[in-house]
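# Report on the structure
Listed below are the residues making up each chain.
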Amino acid sequence: MEFCLSVGGMICLWSGVMEVMRRSGLSARLSRLLRPVLRRLFPKAARSEDTLDALSMNVSANLLGLGNAATPAGIRAAQAMALDAHGKTATDELCLLVVLNTASIQLLPVTIASVRETAGAAVPYDILPAVWITSLCSVTAGLLAGKLLSRLWR
């Protein structure tokens, strides 16, 4: 019970932080930094400013390790991408978004650090190097696999 309340409170806190970032314009500035990369990864989705904003928010939240706080922006981006698709199957870009969300790079793994602190870890952030290396490897492998598979099915 204590664990659930602690993690639930942390999720609420970081969802609020994301909202403050959005209203203060900080997320917009971070989004501008991410746009060149996102435009290359999602060229069709980048045509829509709203979709690109949702993608930027989602990636920003994942970079900050906010996990569940990234979900609403990811859902908005996926819905916008799905509206652009004309078939009954997911587009390559939508699949790539799922890969990025599943294997996101986290600079600050806030969620796992909070869980470690709740579980009694003396130094909850001592896992940073391992998180950086594994998340970078997983995103790279996911992007390469996604791009390769999209070319094979054309």
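Above this text sits the structure in question.
A brief report on the enclosed structure follows. (Residues numbered from 1 in each chain as written. Predicted model: local features only at pLDDT ≥ 70, side-chain atom pairs only at ≥ 80, totals over all residues. Heavy atoms only, no water.)

## Here's the deal with helix α6 (residues 110-118)
- Among the residues of α6, V110, A113 and S114 are the ones counted as buried. Taken end-on, α6 shows its buried residues confined to a sector of 100°, consistent with a single buried face.
- Downstream of α6 by a residue or two, G120 has a phi angle that is positive, lying close to 100°. (Buried < 20%, exposed > 50% of the residue type's maximum accessible area, 1.4 Å probe, protein only. Helix = DSSP H or I, 4+ residues; strand = E, 2+ residues; numbered from the N terminus. Arc of directions from axis to C-beta.)

## What about helix α7 (residues 128-152)?
- Between its first and last C-alpha, α7 extends 36 Å over 25 residues, near the 36 Å set by a 1.5 Å rise per residue.
- Buried within α7 are the following residues: L128, V131, S135, V139, G142, L143 and S150.
- Along its buried surface, α7 packs onto α2 (26-41) and α5 (92-102). (Expected span 1.5 Å × (residues − 1). Contact = heavy atoms within 4.5 Å.)

## Section: the nonpolar core
- Among the nonpolar cores identified, the biggest contains 20 residues, and L38, F42, L55, M81 and L97 are the most heavily contacted of them.
- Sorting the residues of this core by element identifies α2, α3 (49-63), α4 (71-84), α5 and α7 as the ones contributing at least two each.
- With five residues, the top contributor of residues to this core is α3.
- For L55, the contacting residues outside a window of four places in its chain are L38, F42, A45, A77, M81 and L97.
- Of all hydrophobic cores here, the second largest spans nine residues; its members include M21, L66, A70 and A73. (Core = buried A, V, L, I, M, F, W, Y, C linked by side-chain atoms within 4.5 Å.)

## Details of the pattern of salt bridges
- For the structure shown, the criterion picks out three salt bridges.
- Of the charged contacts, one joins E49 and R35 as a salt bridge, the two residues approaching to 2.4 Å between their closest N and O atoms. A residue pair is termed long-range when its members are at least 10 positions apart, and E49 in helix α3 and R35 in helix α2 qualify at 14 residues.
- Residue classification places E49 among the partly exposed residues on the basis of a relative accessible area of 43%.
- Judged by relative accessible area, R35 falls into the buried class, the value being 11%.
- A salt bridge links R35 to D53; its shortest N-O distance comes to 2.2 Å. In this pair, R35 sits in helix α2 while D53 sits in helix α3, placing the two residues 18 residues apart along the sequence.
- Residue D53 is classed as partly exposed on the basis of its relative accessible area, which comes to 30%.
- Three or more residues joined by partner-sharing salt bridges are found here, namely R35, E49 and D53. (Salt bridge = Lys/Arg side-chain N within 4 Å of Asp/Glu carboxyl O.)

Everything listed here is a matter of geometry and, on its own, says nothing about what the molecule does.
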